[in-house]
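Read off the chains here:
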Amino acid sequence: MATAAVRCLLTVAVVLAPLLAGADAGRPLSTGFYNKKCPNVQSIVRAAMAQAVTAEPRMGASILRMFFHDCFVNGCDASILLDDTASFTGEKNAGPNANSVRGYEVIDAIKTQVEVSCNATVSCADILALAARDAVNLLGGPTWTVYLGRRDALTASQSAANANLPGPGSSLATLITMFGNKGLSPRDMTALSGAHTVGQARCSTFRDRIYNDANINTTFASLRQQTCPQASGDATLAPIDAQTPEAFDNAYYRNLMSKQGLFHSDQELFNGGSQDALVKKYSGNAAMFAADFAKAMVKMGAISPLTGTQGEVRLNCRNAN
Ligand code: HEM
Ligand SMILES: *[C@@H]1O[C@H](CO)[C@@H](O)[C@H](O)[C@H]1NC(C)=O
Ligand SMILES: *[C@@H]1O[C@H](CO)[C@@H](O)[C@H](O)[C@H]1NC(C)=O
């Protein structure tokens with residue numbers, strides 16, 4: 001009798017589980033998700049990011065990129081923050097991330113502060129979304145309202161990171177396809193690429209461009225070659241936007257128009273193709289770029305989130321609970 005009742009309950013649970021999971025998967029992100037549960041989360045993140053960016057402006061760029069690399073790999077689920085374990089090889093050591101993505105300790109520090117205020121409540125994925133928004137604004141870029149309610153992945157995939165993140169040698173067609181695969185339009189792609197108005201890159205990522213590309217300003221190529229030799233100096237850094245490397249402005253697009261895109265993939269946006277007209281517009285209209293960038297960031301932040309009872313709220317961003 002007891003056994004039959006248990007069996008009946010189990011059957012109900014098995015039948016309902018996929019329906020509930022479906023409902024959870026469809027639960028949208030919302031702007032007020034933590035209003036009652038953790039009213040201070042946004043001010044905690046903002047203050048911590050202000051401190052980090054003041055100490056080192058490049059950190060704003062690094063956190064922004066980390067969010068991009070999280071969202072493009074199985075959605076915005078903080079999978080990029082997971083350290084490798086015995087049971088999976090994660091994303092940190094994937095080609096596009098190893099010795100490149102930085103700022104993990106900034107997210108750890110924010111998470112620690114958020115846990116003190118509201119234990120086991122705010123996901124690492126949401127902290128990263130808020131931190132990226134604040135990073136842009138603290139560097140002089142736009143701000144926007146962040147939709148919240150993402151949950152954290154239980155696992156991470158090195159092969160997914162290698163497959164889903166575009167490389168600096170990408171063609172325009174590849175960029176459009178890879179962003180299209182994530183539900184982002186060519187216009188979103190061109191706006192989001194404006195993130196390369198801040199931050200630094202290693203010689204190894206742009207060597208091919210400065211020695212072998214035709215569509216490059218020769219003065220600019222010579223300048224970059226001085227610190228990025230043909231056969232050494234892989235890790236030597238150069239600003240991606242040489243004009244204003246610490247300001248989130250629209251100089252990136254003017255660079256493209258004077259053939260000073262640092263990556264081959266950057267210059268592909270202004271190389272006689274479909275994005276030339278938009279690049280020209282952004283180069284002369286900072287407000288239009290700022291508005292489009294903010295809109296595209298909200299869209300990128302909504303790529304395949306885990307919601308409802310999917311995943312978990314991690315206590316430590318580096319490990320599943
Ligand atoms: C369109 C395709 C993209 C390609 C091919 C690309 C490629 C790269 C590469 C190769 C680097 C230098 C990495 C290194 O030297 O270690 C870099 C840096 C950076 N990327 Fe992208 N990226 C793309 C799109 C984006 C997007 C969509 C964002 C953000 C919305 C972004 C934000 C950044 C930032 C801020 C940096 C500098 C990071 C730092 O200084 O730590 N990128 N990117
Ligand atoms: C935070 O919450 C977790 C899970 O509910 C619990 O295990 C942990 O002891 C709590 N930590 C503090 C400091 O309250
Ligand atoms: C190349 O760069 C130099 C120096 O920044 C600039 O003055 C010049 O106008 C650029 N040339 C072209 C063809 O855009």
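About the criteria used
Residues numbered from 1 in each chain as written. Chains lettered and ligands numbered in written order. Predicted model: local features only at pLDDT ≥ 70, side-chain atom pairs only at ≥ 80, totals over all residues. Heavy atoms only, no water. Donors = N, O, S within 2.8 Å, 3.2 Å for Na, K, Ca; no water. Helix = DSSP H or I, 4+ residues; strand = E, 2+ residues; numbered from the N terminus. 1 Å grid on protein atoms, 1.4 Å probe; cavity = no way out; pocket = protein on both sides within 12 Å on 5 of 7 lines; lining within 4 Å. Points joined across faces, edges and corners; volume = space filled by probe spheres on them. Nonpolar A, V, L, I, M, F, W, Y, C, P; charged D, E, K, R; others polar. Domains from an automatic or database assignment. Phe/Tyr/Trp six-rings, centres within 6.5 Å; stacked < 30°, edge-to-face > 60°. Buried < 20%, exposed > 50% of the residue type's maximum accessible area, 1.4 Å probe, protein only. Near = heavy atom within 4 Å. Polar contact = N/O pair within 3.5 Å; in protein donor to acceptor, adjacent residues only side chain to side chain. Areas by Shrake-Rupley, 256 points an atom, 1.4 Å probe, with all protein chains shown as cover. Contact = heavy atoms within 4.5 Å. Buried area = accessible area lost by both parts, 1.4 Å probe. Salt bridge = Lys/Arg side-chain N within 4 Å of Asp/Glu carboxyl O.

Caption draft 1: Structural view of the coordination of the iron atom of ligand 1. When only protein atoms are considered, the iron atom of ligand 1 has one donor, His196 (NE2), at a distance of 2.1 Å. Here His196 is to be found in the loop between α8 (186–193) and β1 (200–202).

Caption draft 2: Molecular detail of the layout of surface pockets. Roughly 870 Å³ of internal volume is contained in the largest pocket. Taken together, 38 residues make up the lining of the largest pocket; nearest its centre are Arg65, Phe68, His69, His196 and Phe263. The element contributing the most residues to the lining of the largest pocket is helix α3 (residues 58–71), with seven residues. Across the lining of the largest pocket, the residue classes tally to 21 nonpolar, 12 polar and five charged. The residues that make up the lining of the largest pocket include at least three from each of domain 1 (17–165) and domain 2 (186–292).

Caption draft 3: Here's a closer look at the packing of aromatic side chains. Across all of its chains, the model carries 12 aromatic pairs by this definition. A ring pair is formed by Phe33 and Tyr34, whose centres lie 4.9 Å apart and whose planes are at 85 degrees; its orientation type is edge-to-face. A residue is classified by how much of its surface remains accessible, and Tyr34, at 3% relative accessible area, is buried. Note on Tyr252 and Tyr253: the rings are 5.0 Å apart at their centroids and 85 degrees apart in plane angle, and the pair reads as edge-to-face. Classification of Tyr253 as buried rests on a relative accessible area of 0%. Site record: aromatic cluster; members linked through ring pairs are Trp144, Phe248, Tyr252, Tyr253, Tyr282, Phe289 and Phe293.

Caption draft 4: Quick look at the site of ligand 2. Near ligand 2 the following residues occur: Asn119, Ala120 and Leu315. A distance of 2.4 Å separates an oxygen atom of ligand 2 from a polar side-chain atom of Asn119. Calculation on ligand 2 without its partners gives an accessible area of 360 Å², and the protein chains cover 25% of this total.

Caption draft 5: Fine view of the site of ligand 3. The local shell around ligand 3 consists of Asn217, Ser258 and Gln260. One of the side-chain nitrogen or oxygen atoms of Asn217 is found 2.3 Å away from an oxygen atom of ligand 3. Considering ligand 3 on its own, with 360 Å² of exposed area, one finds that the protein chains cover 38% of that surface.

Caption draft 6: Just the domain arrangement of the protein chain, in detail. Examined at the domain level, the protein chain breaks down into domain 1 (17–165) and domain 2 (186–292). For domain 1 and domain 2, the distance between their C-alpha centroids amounts to 26 Å. Opposite the 12 residues of domain 1 that make contact, domain 2 presents 10 residues. Surface buried jointly by domain 1 and domain 2 totals about 880 Å² across both partners, of which 66% is contributed by carbon and sulfur atoms. Run the count over domain 1 and domain 2 and you get zero salt bridges. Where domain 1 packs against domain 2, one counts one residue pair in polar contact (both at pLDDT 80 or more). The element contributing the most residues to the side of domain 1 that touches domain 2 is α3, with three residues. Residues that form the side of domain 1 that touches domain 2 fall into these classes: seven nonpolar, four polar and one charged.

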